[in-house]
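A closer look at the structure
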2 protein chains.
Amino acid sequence: MVSTGRNLPTLEDVARAAGVSTATVSRCLNEPGKVSEKTRDHVMQAVSKLNYSPNFGARAIAANRTGIFGAVIPTMENAIFARGIEAFQKSLVEKNGTTLVASSAYDPENEARLIRTMVARGADGLLLIGTERDPEIYTFLADRNIPTVIAWACSADPNQAYVGFDNRAASERLVAHAIGMGHRTFACISAPTATNDRARDRVLGARQAITTAGLDAAAMPIVETDYSIENGRSAFRQIAATASLPSLIICGNDVLAVGAIQAATAAGLDVPGDVSIIGFDDIELATVISPALTTVHVPHREMGRLAGDTLYSLVKDAAEPIRIELETRLVERQSLAAPKSMR
Amino acid sequence: MVSTGRNLPTLEDVARAAGVSTATVSRCLNEPGKVSEKTRDHVMQAVSKLNYSPNFGARAIAANRTGIFGAVIPTMENAIFARGIEAFQKSLVEKNGTTLVASSAYDPENEARLIRTMVARGADGLLLIGTERDPEIYTFLADRNIPTVIAWACSADPNQAYVGFDNRAASERLVAHAIGMGHRTFACISAPTATNDRARDRVLGARQAITTAGLDAAAMPIVETDYSIENGRSAFRQIAATASLPSLIICGNDVLAVGAIQAATAAGLDVPGDVSIIGFDDIELATVISPALTTVHVPHREMGRLAGDTLYSLVKDAAEPIRIELETRLVERQSLAAPKSMR
DNA sequence: TATTTCTATGTAATAGCTTGCATTTTCTGA
DNA sequence: TCAGAAAATGCAAGCTATTACATAGAAATA
């Protein structure tokens, strides 16, 4: 194990050097407003002269907080979470917080373990994705007074803070739009719905739109597969291998949709001429793929930023749960068009 | 401020419940081999009965370590860092570590501040990107015995651990390959080289290849701009606006290259017919853009994973600095072809 | 049996900072 | 100038786990 290094300066050393008490030095560092300017100058000079930086453990134990905020996300490899966490992190850095990040790979058990680890590592508050998890986790967090903010979804629990959007309604709107263009036959490529409430809601929204149009939602085949371009490709092939190709392929996110477009193109099909494909999220990939993807724009960055703001105020001011529902927006590009039968 | 929650059990509570001293309980938790089986059973029973979990701050101060590993990266929005950090994090989770992440937006001052913050937040070790930074930072870290691993580049300092690759050599190889195909006129789109050693090395590599071929490297115009697709587009326009279009555009990374391809296509140019464009990194975008991008593949995930392993062993075993140079690989796709003059 | 060697456990000294409360200094206004 | 209020500062009590060292007891050896 690594030793503590040459004996580093402590608060007391700084206090001595500045000719004040440790209390004053501590206040200089934590509540500079409470110290006179003259004293503060002296102290800060001593701080930088000694190159002092406070001992973390001591501070954590004395103040009973760490300034660390945890985020447990499904993966950093999807640009939406990378974006969101980047914004979350930036928001907290502005408030002198730091972000502890871990990804669960969409596995609930992993997630539960990581949440406990974060708490054991001193996280003052936690960002979680989606609402669905073992109730024991919520109890665990409540017992320890660790505030949480949920993002990417809205919670039904009135005491749960969140910054989310309505996955179901957004999906329903997009599919209804496609139905309005004439689509009548569908297939769906989704992430596994059993352990992913957002994915499930998106499928439910699509079904709802189909049902509302007087069509048979149960007839829509669904391929469940983890989010990746490659999986999108193979899911498309799987769908294309069945009797008749649907006119619209509804994808759980843009990554799957990009894979589907690639596979369709590779199979010699024209998108959207032979088959329309829609996504969800609106990441950069959606504009780079050809044809560009029609999708739902989710304000990921704003969500991350607001989640940071919200979590901070919960930790700092023990604020009442803040519940923010953001708007999504349909983005029409080239991968969705009226089906052949309509032309 | 949030209170500590209902008074949670302490080591002492557990000791009392198990009828032993706090030292024994501590040993049960940290070095179970040193305690007799009978005692251990008693203690563990008390632990789970009281639902005890050790206080983070107290542990940190007493043990002088936290199990927290920091990573200060330029941005999470570029897939390469998202990938790398994901792998880094995964490697450390396996070893019961947790990852503190912050992004500096390629700003050295930000980076310096974030490094200090991470240390102040108890990071046992740090992952940094690139070698170039204020020497004071290295002193600061050395004074505090905080091991660091550098990734994405190789350090000349024999005491500095790293897991990197040779940006310069990789770039030189790719450009030499293009020259071999007949290219004689060049332009370059790069991230600002003043504050980014990787970007600078890539430009140097390109220049080297040009010089080696007996051509005039100084004649190559360079547009410096932050990494983003949009900036790649406008940089291309800027280059295209000059007298004669070069046959090869060398981009500092894939993101810029994708933008350049889009702008070229939008301007009615054929890539690679009218102009060849090459990137660096090999991210997903490179395969999704059309024409697919010829680029240098960098093993980002492996780099992240190895950086995690390395950092852990430095912290844990105070191992000698481990220095790993990974191989990059040229990936030939469609955006590079022999120039018109050669056909 | 006496002596030595281990093993298991306990005692108590830290570790360094924050903060409630007490005290001193400075400011305000008559 | 001085009482009273406000601001600045100091005192010292925590906060909780780890671990060096001490000790007791068990096992091994002579």
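Because the structure is predicted, anything quoted here is derived from the model rather than measured.

The subject of this paragraph is helix α13 (residues 300–317) of chain A. Residue and element names in this part refer to chain A. Under the 1.5 Å per step criterion, the end-to-end length of α13 is 25 Å for 18 residues, consistent within 8% with the ideal 26 Å. Regarding α13, the residues found buried are His-300, Met-303, Gly-304, Leu-306, Ala-307, Gly-308, Thr-310, Leu-311, Ser-313, Leu-314 and Val-315. Elements in contact with the buried residues of α13: β1 (68–73), α5 (79–94), β3 (125–129), β4 (148–151), β5 (161–164) and β11 (323–325).

A separate point is helix α9 (residues 197–212) of chain A. Residues and elements named next belong to chain A. Spanning 16 residues, α9 covers 22 Å between terminal C-alpha atoms, matching the ideal 22 Å at 1.5 Å per step. All of the buried residues in α9 are Asp-197, Arg-198, Ala-199, Arg-202, Val-203, Gly-205, Ala-206, Ala-209 and Ile-210. Packed against the buried residues of α9 are β3, α8 (167–180), β6 (186–190), β7 (222–224) and β8 (248–251). Two to three positions downstream of the cap, the backbone nitrogen of Arg-198 sits 3.1 Å from a side-chain oxygen, assigning the N-cap of α9 to Asn-196. A positive phi of about 80 degrees marks Gly-214, the residue just after α9.

In this section: the pairing of strand β6 (residues 186–190) of chain B. All names here are of chain B. Of all 5 residues in β6, 5 are buried, a share of seventy percent or more. Every second residue of β6 is oriented toward a common face, with Phe-186, Cys-188 and Ser-190 on one face and Ala-187 and Ile-189 on the other, all of them buried. In the sheet, β6 pairs with strand β8 (residues 248–251) via 4 bridges, with the strands oriented parallel. Residue pairing across strands places Ala-187 opposite Ile-249, the latter belonging to β8. Where β6 meets strand β7 (residues 222–224), 3 bridges bridge the pair, whose relative direction is parallel. Within β7, the position partnered with Ser-190 by the bridge is Glu-224. For the crossover from β6 across helix α9 (residues 197–212) to β7, the handedness is right-handed.

Let us now look at the protein's contact with DNA strand C. Of all residues adjacent to DNA strand C, which total 26 residues, the nearest are Leu-11, Ser-26 and Tyr-52 of chain A together with Thr-24 and Thr-39 of chain B. At the protein interface, 64% of the atoms of DNA strand C within 4 Å belong to sugar or phosphate. Contacts to DNA strand C include Tyr-52 of chain A, whose side-chain N or O atom sits 2.2 Å from a phosphate oxygen. One of the backbone N or O atoms of Ser-21 of chain B is found 2.9 Å from a phosphate oxygen in DNA strand C. Mapped by element, the contributors of at least two residues to the surface near DNA strand C are α2 (22–30) and α4 (56–63) of chain A together with α2 (22–30) of chain B.

This part is about the packing of aromatic side chains. Going through the model one piece at a time under the given rule, you end up with 9 aromatic pairs over all chains. Measuring from centroid to centroid gives 5.7 Å for Tyr-106 of chain B and Tyr-227 of chain B, while their planes differ by 70 degrees, and the two rings are edge-to-face. A residue pair is termed long-range when its members are at least 10 positions apart, and Tyr-106 of chain B in the loop between β2 (98–103) and α6 (108–120) and Tyr-227 of chain B in the loop between β7 and α10 (229–240) qualify at 121 residues. The class of Tyr-106 of chain B is partly exposed, set by a relative accessible area of 25%. Directly above the aromatic system of Tyr-312 of chain A lies the positively charged group of Lys-95 of chain A, at a separation of 6.0 Å from the ring centroid. Looking at Arg-202 of chain A, its charged tip hangs above the ring of Phe-280 of chain A, at a distance of 3.8 Å from the centre.

Tallying the contact residues gives 64 residues for chain A and 64 residues for chain B. Regarding the contact of chain A and chain B, the summed buried area is about 5300 Å², with carbon and sulfur atoms giving 53% of it. Three residues, Met-76, Arg-121 and Val-288 of chain A, lead the burial of chain A against chain B; their summed loss comes to 12% of the area buried on that side. The tally of links between chain A and chain B comes to 2 salt bridges. Close ionic contact of Glu-77 of chain A with Arg-301 of chain B constitutes a salt bridge, the shortest N to O distance being 2.8 Å. Inspection of the chain A/chain B interface yields 19 residue pairs in polar contact (both at pLDDT 80 or more). Among the secondary structure elements, those contributing two or more residues to the side of chain A that touches chain B are α4, α5, β2 (98–103), α6 (108–120), α7 (135–143), α11 (254–266), α12 (285–288) and α13 of chain A. Within the side of chain A that touches chain B, the residues separate by chemical class into 30 nonpolar, 22 polar and 12 charged. In terms of strand pairing, β2 of chain A meets β2 of chain B through 3 bridges, oriented antiparallel. Across the sheet, the residue bridging to Leu-100 of chain A is Leu-100 of chain B, located in β2 of chain B.

Here we take up the sheet that holds β1 of chain A. Paired through backbone hydrogen bonds, the strands of a sheet run either parallel or antiparallel to each other. Across the sheet, 12 strands lie side by side as β11(A)-β5(A)-β4(A)-β3(A)-β1(A)-β2(A)-β2(B)-β1(B)-β3(B)-β4(B)-β5(B)-β11(B); this open sheet has mixed pairing. Across the chains shown, the open sheet's two edge strands, defined by having one partner strand only, are β11 of chain A together with β11 (323–325) of chain B. Taken over all neighbouring pairs, the strand axes of this sheet differ in orientation by 20 degrees on average, direction set aside. Bridging between strand β5 (residues 161–164) of chain B and β11 of chain B involves 3 bridges; their strand directions are parallel. Bridge pairing in β11 of chain B places Tyr-162 of chain B opposite Arg-323 of chain B.

A few words now on the pattern of salt bridges. Under the criterion given, the structure shown has 29 salt bridges over all chains. Of the charged contacts in the structure, one is a salt bridge between Arg-305 of chain A and Asp-309 of chain A, with a shortest N-O distance of 3.9 Å. Of this pair, Arg-305 of chain A and Asp-309 of chain A both sit in helix α13, separated by 4 residues, roughly a single helical turn. Residue class for Asp-309 of chain A comes out partly exposed when judged on its relative accessible area of 25%. With a closest N to O distance of 2.4 Å, Lys-340 of chain B and Asp-274 of chain B form a salt bridge.

Reading the values: rules and limits
Residues numbered from 1 in each chain as written. Chains lettered and ligands numbered in written order. Predicted model: local features only at pLDDT ≥ 70, side-chain atom pairs only at ≥ 80, totals over all residues. Heavy atoms only, no water. Helix = DSSP H or I, 4+ residues; strand = E, 2+ residues; numbered from the N terminus. Expected span 1.5 Å × (residues − 1). Buried < 20%, exposed > 50% of the residue type's maximum accessible area, 1.4 Å probe, protein only. Contact = heavy atoms within 4.5 Å. Polar contact = N/O pair within 3.5 Å; in protein donor to acceptor, adjacent residues only side chain to side chain. Pairing = 2+ DSSP bridges. Right-handed = clockwise from strand over helix to strand, strands pointing away. Near = heavy atom within 4 Å. Phe/Tyr/Trp six-rings, centres within 6.5 Å; stacked < 30°, edge-to-face > 60°. Lys NZ or Arg CZ within 6 Å of the ring centre and 35° of its normal. Buried area = accessible area lost by both parts, 1.4 Å probe. Salt bridge = Lys/Arg side-chain N within 4 Å of Asp/Glu carboxyl O. Nonpolar A, V, L, I, M, F, W, Y, C, P; charged D, E, K, R; others polar. Axes fitted to C-alpha atoms, helices over the stretch in contact; angles between N-to-C directions.

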